[in-house]
Amino acid sequence: MEKIIFLFFITITILFSQEKIIRGKIIDLVNNEPLQFANVIITEKQIGTSTNENGEFVITAELDLNDIVKISYVGYEEKQILISEFVDNKQKIIPLERKVLLSQTVLIKSSLGKQGETPISFSKISKNEIEDTYLIQDIPDYLNMLPSTMFFSEGGSGIGYNYLTIRGFEQRRISVAINGIVQNDPEDHNVYYVDFPDLLESTELIQVQRGAGTGVIGYPAIGGSINIITSSFSSLPKFEFNSILGSDNTRKYGISVSSGLVDKKYSFYLKLSQIISTGYRQANWVDFKSYHLSAVRYDENFTTQINIYGGPIKDGLTYYGLPKFAIKNKELRRANYSYWSADENGYTWTQDRRVGEKEEFFQPHFEILNEFKIGDKVILNSALFLVNGEGFFDYEGSWADTSYLRLTKENGITSTDNPNNVIIRAMVENEQWGWIPRMSLTTNFGELIFGAELRFHNSVHWGGIAYGENLPIGLNEDYKYYYYEGGKDIINFFAHGNFSLSNKINLLTELQFAYHKYKLSDEKYIGTDFEIKDLFINQRIGVNYKVTNDLTAFISFARVTREPRLKNYYDAAESSGGEVPQFESNMIGKFDFTKPLVKPETMYDIELGTNYNFSPLVLSANLFYMLFNDEIVKKGQLDRFGQPTTGNVDKTIHTGIELTANYLLSENFEIMLSGTYSKNFISKGFYYIDDIDKINLSNNTISGSPDLIISGNIKFKEKGFMVNLFTKYVGKFYSDNY
């Protein structure tokens, strides 16, 4: 009996462990380029090889069908394949997927959702899609194709100053990050995409999250969050040149150079480009130069990446919108006047924008990103960053009198007449630096991520006279009619957990402590100094349930608090025009800077969603209910630069449904549809005319929030030829709350 068992064992060994020849070719999943010198190891037998210059390998050995081939290559996700998947003497094509942001794995895991697993509402755009559809348009214009988004362009061309909304929330309330580093201006909260033109050319992945933003990425987000991941990795050396010609003398020239992988350890990338246009609207010319330099070093357990990007920009100012009667007039809608007026007979009086109204600004970004793999279950990420900005904009100021420009005896200046044809120069200098550490711990139940954000911002703002007639004799060229220094300290701590409670249930939890301190000091003429300190605790919890392999559903709840911008507390640049600090004051008019009149806004966000993935059809639906206390809304007035002024309203509600459908007819033909229907209204609020009289705004629609957004996209691609047809409908919305 023992002999029979022994013979049976020998027979099984011969059948399953015999000499085999396996052949393969390893390629890049995106562009099908061969990956040379990739590592191919059969772990059970401790044998291996590497691929040749064509990405090919051959292994001959005694192998079991259950042996595993492990394939690894710097900059790519590791892949494991059973020997049984190879067919003798036939080459198997093995595509590898590139890692996204090689030095920031923790960021990717914590902030980028997975469809059908993560209980949040989001959209993703991959590098392939960007390469197919990006030409020259700015980021808000490009993201306009996503659900619940809307954008407008001051110049009408999608180049220059462009603004994005998500669910009707303006971009000051959307958290925008590049490689996990927040780009919202600490004082103003706005995102000036114009300061990093042509960034999409170097972008690997974009995720747009709707509703409450993740605490992993800096600023608390009210309307949503955008995470842009840049990547410069290429397995082979590359040199590319591109040029684009368009209407209104629009041109783009660009080159990019990639070193490929050098000595299995280094990778370098350089991109230079220039965008020039005379503009759709008159005098809305642009001259944007941009650069992106990246260097990466890979060690076994440590990765270092250095990114330097930005570019000097120049453009002609276009900051006033158009009157309603001009929209449908093909000539008038291209106008860019300093002043408009019209009477009931249609007579229009205008004043051309002056040639000297322009902007010049330069804000380079410096990043050092590190990842240290301490063990199989512990990864430490670090992001050090520095942003320096300096520039000015010169704008029409012929309306400014001696009082506004402070050309008065009280300031030691003798002036009897108002100056003429003034152009005002507004200058800003800022410096921002910080450190963002993140640590990931892998457990049997899921992943825990802890992190912090230390950010310190300082700025100088001043206004002077770039040009003027009839100015006081001997007026100093460095004369400033306003000057102040701003600043903000940000210290955030967060914990993020993603747990698999079972093979059907995923749990997401987040807790963020955000300490923000505003500073304003050294104000010339008035001497205002104050600090405002806030500590916010933001929470999120969500559960995703896998009904079947094709159908999932989720529910999430978030509470987010966010402070006003510095200008809401005090518009120091307009102090000569009568602006005063927005704080409580005593009987003698002295301000109590511990009691601001404007309050932080708090949102409670409940979302229900479902996703059905039955290839080639993918459907999703998302219900949202967002309840606000003290929401900061547009008040219906504009400031001197055409931007809406904002303020609190007691209680508001945003509720709606988002629907999307993607249908892949073939590998080359795709149809995408999305629609959002929402109600956005004030449940309790007043507009105060004076101390006694007020207007009840309850049940009125919130300004800037459309009730209906529908978009459709048809994409066809075949052998290097691509057609993309996009259409969008935006329902009515209001510019005020009345």
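Parameters and conventions
- Residues numbered from 1 in each chain as written.
- Predicted model: local features only at pLDDT ≥ 70, side-chain atom pairs only at ≥ 80, totals over all residues.
- Heavy atoms only, no water.
- Helix = DSSP H or I, 4+ residues; strand = E, 2+ residues; numbered from the N terminus.
- Buried < 20%, exposed > 50% of the residue type's maximum accessible area, 1.4 Å probe, protein only.
- Contact = heavy atoms within 4.5 Å.
- Areas by Shrake-Rupley, 256 points an atom, 1.4 Å probe, with all protein chains shown as cover.
- pLDDT = per-residue confidence, 0-100.
- Pairing = 2+ DSSP bridges.
- Phe/Tyr/Trp six-rings, centres within 6.5 Å; stacked < 30°, edge-to-face > 60°.
- Lys NZ or Arg CZ within 6 Å of the ring centre and 35° of its normal.
- Core = buried A, V, L, I, M, F, W, Y, C linked by side-chain atoms within 4.5 Å.
- Salt bridge = Lys/Arg side-chain N within 4 Å of Asp/Glu carboxyl O.
- Patch = residues over 30% accessible without salt bridge, like charges linked within 9 Å, V, L, I, M, F, W, Y side chains within 5 Å.
- Polar contact = N/O pair within 3.5 Å; in protein donor to acceptor, adjacent residues only side chain to side chain.

**Student:** Before we move on, can you summarise the overall build of the protein with the specific residues and values?
**Tutor:** Counting its regular elements, the protein contains five helices and 42 strands. Here the protein holds 738 residues, and the buried ones make up 48% of them. For the protein, the share of sequence-separated contacts (at least 6 apart) that also reach a separation of at least 24 residues comes to 63%. Entry remark: accessible area of the protein is about 34,800 Å², with carbon and sulfur atoms responsible for 56%.

**Student:** Before we move on, could you go through the confidence of the model for the protein and cite the residues and values that matter?
**Tutor:** Per-residue confidence for the protein gives a mean pLDDT of 89, with 94% of residues at or over 70. Every residue in residues 1-16 is under pLDDT 50, and counting partners more than four places away or in other chains gives four contacts.

**Student:** I'd love a proper account of the sheet that holds strand E8 (residues 121-126), names of residues and values included.
**Tutor:** Pairing is mixed across the open sheet formed by five strands, whose spatial order is E8-E14-E15-E12-E13. The strands lining the two open edges of the sheet, one partner per strand, are E8 and strand E13 (181-182). Alignment of strand E14 (residues 203-210) against strand E15 (residues 224-230), held across seven bridges, turns out to be antiparallel. Within E15, the position partnered with Gln209 by the bridge is Ser225.

**Student:** Tell me about the packing of aromatic side chains, and name the residues and values.
**Tutor:** Following the criterion strictly, the structure yields 31 aromatic pairs and no others. Through pairs of rings, three or more aromatic residues link up here, namely Tyr518, Phe530, Tyr569, Phe583, Phe591 and Phe593. If you follow Arg167 out to its NZ or CZ, it ends over the ring of Phe624, 3.9 Å from the centre. Directly above the ring of Tyr319 sits Arg353, whose terminal nitrogen or CZ lies 4.5 Å from the centroid.

**Student:** Hey, could you go over the side chain of Glu187 for me, with residue numbers and the actual values?
**Tutor:** Within the secondary structure, Glu187 sits in the loop between E13 and E14. When sequence neighbours within four positions are dropped, the list of residues in contact with Glu187 reads His457, Ser459, His461, Gly486, Gly487, Tyr518, Arg565 and Leu566.

**Student:** Report on the nonpolar core, specifying residues and quantitative values.
**Tutor:** In this structure, Tyr395, Leu405, Ile424, Tyr481 and Phe530 are the most contacted members of the largest nonpolar core, which totals 27 residues. Elements with a minimum of two residues in this core: strand E27 (420-442), strand E29 (480-500), strand E30 (505-521), strand E31 (530-546) and helix H5 (566-569). Setting aside its immediate chain neighbours within four residues, Leu405 contacts Ala400, Pro419, Val422, Ile424, Ile465, Tyr479 and Tyr481. Of all hydrophobic cores here, the second largest spans 23 residues; its members include Ile59, Ile71, Tyr73 and Leu261.

**Student:** Let's hear about the pattern of salt bridges: which residues, and what values?
**Tutor:** Pairing is possible between side chains of opposite charge, provided their charged atoms come close. Evaluated as defined, the whole model comprises 31 salt bridges. One salt-bridge network, held together by shared partners, links Arg167, Arg210, Glu607 and Glu658.

**Student:** Please give an account of the sheet that holds strand E10 (residues 162-166) that cites residues and values.
**Tutor:** Within a sheet, adjacent strands bond to each other through the backbone by hydrogen bonds, running parallel or antiparallel. What the three strands build is an open sheet, ordered E9-E10-E11; its pairing is antiparallel. The outermost strands of the open sheet, each flanked by one partner alone, are strand E9 (149-153) and strand E11 (169-170). Where E10 lies against E11, two bridges are found, and the strand directions are antiparallel. For Ile166, the partnering residue across the bridge sits in E11 and is Phe169.

**Student:** Could you give me a rundown of unusual backbone geometry, with the residues and numbers involved?
**Tutor:** Here Ser615 and Pro616 are connected by a cis peptide whose omega angle stands at 15°. Tracing the sequence through the fold places Pro616 in the loop between strand E35 (601-614) and strand E36 (617-638). At Asp630, a position not held by glycine, the phi torsion is positive, near 60°. Among the secondary structure elements, Asp630 is positioned in strand E36.

**Student:** Pulling in residues and values, what's your account of a nonpolar patch on the surface?
**Tutor:** Together, Phe239, Phe241, Leu245, Tyr253, Ile255, Val257, Leu270, Leu272 and Leu293 line one region of the surface with nonpolar side chains, adding up to about 840 Å² of accessible area. Every element with two or more residues in the nonpolar patch is listed here: strand E16 (238-246), strand E17 (250-258) and strand E18 (266-277). With respect to the helices and strands, the residue Leu272 is situated in strand E18. Classification of Leu272 as partly exposed rests on a relative accessible area of 37%.

**Student:** For the environment of Asn611, give the residues involved together with the corresponding values.
**Tutor:** The topology assignment puts Asn611 in strand E35. Judged by relative accessible area, Asn611 falls into the buried class, the value being 9%. Setting aside its immediate chain neighbours within four residues, Asn611 contacts Gln115, Asp550, Leu551, Thr552, Val618, Leu619 and Ser620.

**Student:** So what's going on with the pairing of strand E3 (residues 47-50)? Residues and values would help.
**Tutor:** As paired strands, strand E2 (residues 39-42) and E3 are joined by four bridges and run antiparallel to one another. Looking across to E3, one finds that Ile42 is bridged to Ile47. Between E2 and the antiparallel strand that follows it, E3, lie four residues; Gln46 among them carries a positive phi value of about 55°.

**Student:** Before we move on, could you go through the environment of Val543 and cite the residues and values that matter?
**Tutor:** Relative to the assigned elements, Val543 resides in strand E31. Here Val543 falls in the partly exposed class, since its relative accessible area comes to 32%. Considered as a pair, Val543 and Phe557 are 14 residues apart in the sequence and their alpha carbons are 9.4 Å apart. Not counting residues within four places of it along the chain, the set of residues in contact with Val543 comprises Pro119, Ile505, Asn506, Leu507, Ala553, Phe554 and Ile555.

**Student:** Kindly report on the side chain of Arg172, identifying the contributing residues and their values.
**Tutor:** Position of Arg172 among the secondary structure elements: in the loop between E11 and strand E12 (174-178). A polar contact is formed between the side chain of Arg172 and the backbone oxygen of Asp188, at a distance of 3.0 Å. Every residue in contact with Arg172, bar those within four places of it in the chain, is listed here: Asn184, Asp188, His189, Asn190, Arg562, Arg565 and Gln643.

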